[in-house]
Amino acid sequence: MLNAPSRRRARFKQVLLVSAAIGLGVSTTGTWAGDASAGATLFQQKCAACHTIGQGDRVGPDLKGVTKERDEAWLKEWLKDPAAMIASGDPGAKELSSKYPMTMPNLGLSDQQIDDLIAYMAQDGAAGAQSSAGGAAESAAAPAAAASAESAGSADQGELLFTGEASFRNGGPSCAACHSVAGLGGGSMGPDLTSTHSRLGDAMITWPSAMAPMQPIFSADPLTDSEKADLLAFFKAKAANPNQSSGGPVGMLLGLSIIGVAALGAIVSFVWRRRIIAVREPMVSGTGRWRR
Amino acid sequence: MDIRAQVSMVFHLDKCIGCHTCSIACKNIWTDRQGTEYMWWNNVETKPGTGYPTQWEDQEKYKGGWERDSRGRLKLKLQGRAGALTNIFYNPSLPTLDDYYEPWTYDYKNLFDAPEGDDQPTARAVSLVTGDFMDTLEAGPNWDDDMGGSEVYAANDPNVLKSLSESEQQSLKTLEQTVFFYLPRICNHCLNPGCVAACPTGAIYKRGEDGIVLISQNRCRAWRMCVSGCPYKKTYFNWSTGKSEKCILCYPRLESGQPPACFHSCVGRIRYIGMVLYDADGIEQAARSPDDGLVDAQRALIKDPYDPEVIAGAKRNGIGDAVITAAQNSPVYKFVKRWGLALPLHPEFRTMPMLFYVPPLLPVIAAIRDGQYETTAGMETAPADETGPNLNTVDKARIPMQYMASLFTAGNVEKIKQVYHKLVAVRMYMRSEQVGDQREEDVQEALRRAEFTPEQCVSVFELTSLPTFEERFVVPPMERERAMDGELPPLDPYSRKAAGGFGFRDAPARRF
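> Where do I start with the overall build of chain B in this structure?
Counting its regular elements, chain B contains 22 helices and 19 strands. Restricting the contact set of chain B to residue pairs at least 6 apart, pairs at least 24 apart contribute 69%.

> What's the story with unusual backbone geometry in this structure? I'm lost.
Residues and elements named next belong to chain B. Cis geometry marks the peptide bond from lysine 47 to proline 48, where omega comes out at -5 degrees. One can find proline 48 in the loop between β2 (43-47) and α2 (59-62). Geometrically, the link from tyrosine 52 to proline 53 is a cis peptide bond, its omega value of -5 degrees lying close to zero. Checked against the element boundaries, proline 53 lands in the loop between β2 and α2.

> Would you explain the packing of helix α17 (residues 401-408) of chain B against helix α18 (residues 413-434) of chain B in this entry?
Packed helix pairs are specified by the crossing angle of their axes together with the interaxial distance, meaning the distance between the axes. All names here are of chain B. Put simply, α17 and α18 touch, their axes get as near as 8 Å, and they point 100 degrees apart. Between α17 and α18, the interaxial angle falls into the category roughly perpendicular. Side by side, α17 and α18 meet where Met401, Gln402, Met404, Ala405 and Phe408 of the first sit next to Val413, Ile416 and Lys417 of the second. The class makeup of the residues in the contact of α17 with α18 is six nonpolar, one polar and one charged.

> What should I look at first to understand the interface of chain B and chain A in this one?
Note: interface size is frequently given as the accessible area lost on complex formation between the parts. Listed by partner, the interface residues are 16 residues for chain B and twelve residues for chain A. Looking at side-chain class alone, the side of chain B that touches chain A contains six nonpolar, six polar and four charged residues.

> I would appreciate a short explanation of helix α14 (residues 225-240) of chain A in the present structure.
The periodicity of an α-helix, 3.6 residues per turn, causes residues three or four positions apart to be oriented the same way. For α14 of chain A, which comprises 16 residues, the first-to-last C-alpha distance of 22 Å matches the rise-based estimate of 22 Å (1.5 Å per residue) to within 8%. Those residues of α14 of chain A that sit buried are Ser226, Glu227, Lys228, Ala229, Asp230, Leu231, Leu232, Ala233, Phe234, Phe235 and Lys238 of chain A.

> Would you mind showing me how to read the nonpolar core here?
The nonpolar side chains of soluble globular proteins are, as a tendency, buried together. Val10, Phe335, Phe356 and Ala425 of chain B are the most contacted members of the largest nonpolar core, which has 132 residues in total. Looking at this core element by element, the count peaks at ten residues for α18 of chain B.

> Help me understand the confidence of the model for chain B in this model?
The predicted coordinates should not be examined in detail at positions where pLDDT is low. Residue and element names in this part refer to chain B. In this model, chain B carries an average pLDDT of 88, and 88% of its residues clear a pLDDT of 70 or more. Across residues 377-387 the pLDDT falls below 50, and counting only partners more than four positions away or on other chains, this stretch makes 20 contacts in the model. Predicted complex, confidence summary: ipTM 0.81, pTM 0.67.

> Could you clarify how one ought to interpret the pairing of strand β11 (residues 235-238) of chain B in this entry?
Both faces of the sheet carry side chains from a regular strand, because those side chains alternate between them. Residue and element names in this part refer to chain B. Burial of β11 is two-sided: the residues Thr235 and Phe237 facing one way and the residues Tyr236 and Asn238 facing the other way are all buried. Looking at chain direction, β11 and strand β12 (residues 243-246) are connected through four bridges and run antiparallel. Bridge assignment links threonine 235 to a residue of β12, and that residue is lysine 246. Between β11 and β12, which follow one another and run antiparallel, lie four residues, and glycine 242 among them has a positive phi close to 70 degrees.

> For this particular structure, what's the right way to read the sheet that holds strand β5 (residues 104-106) of chain B?
One key point about sheets: their strands pair by backbone hydrogen bonds, in either a parallel or an antiparallel sense. Reading across the sheet, the three strands line up as β5-β6-β7 (chain B) and stay open at both edges, with antiparallel pairing between neighbours. Either end of the sheet is taken by a strand with one partner, and the two such strands are β5 and β7 (133-134) of chain B.

> Where do I start with the pairing of strand β8 (residues 181-185) of chain B in this structure?
Residue and element names in this part refer to chain B. Among the five residues in β8, five count as buried, and that is most of the element. The pairing of β2 with β8 spans five bridges and is antiparallel. In the strand pairing of β8, asparagine 43 is matched with arginine 185.

Cut-offs used in this document
- Residues numbered from 1 in each chain as written.
- Chains lettered and ligands numbered in written order.
- Predicted model: local features only at pLDDT ≥ 70, side-chain atom pairs only at ≥ 80, totals over all residues.
- Helix = DSSP H or I, 4+ residues; strand = E, 2+ residues; numbered from the N terminus.
- Contact = placed C-beta atoms within 7 Å.
- Axes fitted to C-alpha atoms, helices over the stretch in contact; angles between N-to-C directions.
- Parallel < 35°, antiparallel > 145°, perpendicular 65-115°, else oblique.
- Nonpolar A, V, L, I, M, F, W, Y, C, P; charged D, E, K, R; others polar.
- Expected span 1.5 Å × (residues − 1).
- Buried ≥ 20, exposed ≤ 12 C-beta atoms within 10 Å, placed from the backbone.
- Core = buried A, V, L, I, M, F, W, Y, C linked by C-beta atoms within 7 Å.
- pLDDT = per-residue confidence, 0-100.
- Pairing = 2+ DSSP bridges.

What follows is the structure in structure tokens.
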């Protein structure tokens, strides 16, 4: 006999299973439940700072063929919470932690995101290669203009590159994988870059290829000149006006809140217009309808 | 007939000197805790005046008490059930702290610790709510004390505004006509309490054995509807504990055989306390009476404790012999019922207050004779060709009868005049007996108007001017309801004395 809450939980599980089955049926990859192209974007944003597919070990191991080496359940558990898995004494996890001194951080991935990533890795980065090839084609078309504008980069394009919405031509990881700026968020492994441009100026763009933590990542996948110009334009604009970009959603939310509070205040003061505000004060001061 | 017992009270306003000893006695015992600084379960007001909280009698603002709807049924002026639901998180009729006053103390320490300087150190006022210094004190619990002719306070007395014409209002402000008297107030422990009806939690109850209205500190959930529901503004919200509190009629003292502290400490000995037996079946009908008939309807609820039928009814309800005997000796029964001298305050609020007032026969009429202002002139026999001045006291009263009627008889001037005729008759009869300067026919005329016999005048005089402690305070021995129900022999009252105090305690099993 099930009590009411656990019956409800059981029904909820059934619904989940059914929808998962429908998702599987619809999925084109067949083998893996995830969406490999969504996984490609995620990989760029979250993983590429430390991992490659087929280009050798960096901070973390090369992930080429990882889906053949490890079974899916292990991968899922690892991606969910690496530290917990090491702590649980799993032999594979222990081996990794002794080989690579830097423990992989908990990336806070949802189950769907994990599925997407595994689907992407199962293709050995094929979707990513395609998408970055597509991105390269696009940026090859647009940037003739950028080049002629003498490194006057586009801050908007820089923002897309920063967040990883646009891929770097040579496949480097997006900045947001490790860094954040005000209003856009990002990773916390590296410093916040909101006002860096005001301190370092254009020299900041040399860091990816020169400074210790970033150099091994970007020496293999260097930024192009037009990408550097775009990023600098973006960082410059950010440093000059840290809240500009964030002005969009936050500003609108602020505006809506103020209007909402004002409307609520108006409704309250209308509904309770006969409330007692003060008796003694108007009586003594002789204002209002009280006579002296 | 559903006979119940009620601890009931009479305040004789002619004897009140406005010394506030009662207020201080109460404050020292019950409301010297954090969060209660602004509360005065007992306060003394000057009338005409705006009182505490300011203009508490104006129910158009505070929405206290009951009113009759178009079909003559009673409903709370504050709100019905739907209103209680929609206003549950925000009661729009609450007095603000400023309408009471912001309580304060003084920085006395500075008087001792101030460094040597050119000026005398002062003790600045410090708010007891915020702890900040207060540069100006704008209100206090008796801010209009003795301000009988005040352009602000007396002129804004809701009774003055409601009952007096423009010219009468003006004349109250002229120096020769200025008049005031004191009105001490505590919780009325009503038969039909507005606070009980307004409480969404059911935390307020009327004790079955003696009718004392109490707020359960366990069950109070701080909705504060009682603060608005009580037309006398005698429930208060403790901002520190988040519970409402009110006068408890010093029941721990009553249970240990003592009168309440404000009664005990009264310098003018104006206060009387005693049991009365009343018929609970008649409360609703009485509370629905038209304004003119409210005083009589309430008097009719109080039953004769010598009537065998009433005694039998009381015993059926488990009221013990000690309580019945106390009701037979009750000074309240004499003032309210036998002599008809004491009246409820604002019966038009329809809560059936069980605290009654003997209205003040003030001032003694003076006259200017041979260029001398003589206060005894009114006591002397008038020239033979006119009616004696004492007989005209009622019609020539400095405080218009309409004003007193607005306070005590819901506007029924004839009813208040009846009481004044009785007070005048007692005064004239006793004067004629003891000083002998009253004309015989005037005294007879006064007795006729009052419908009093000389013997009645003597009894009134004796209970007014010469009562002993035991005659003023007739409280039966109580061991909560069990002893009163006759289940237990009366205990030594002092055995409970140590247990008395404010706070959490269980409500008795029997409650109405």
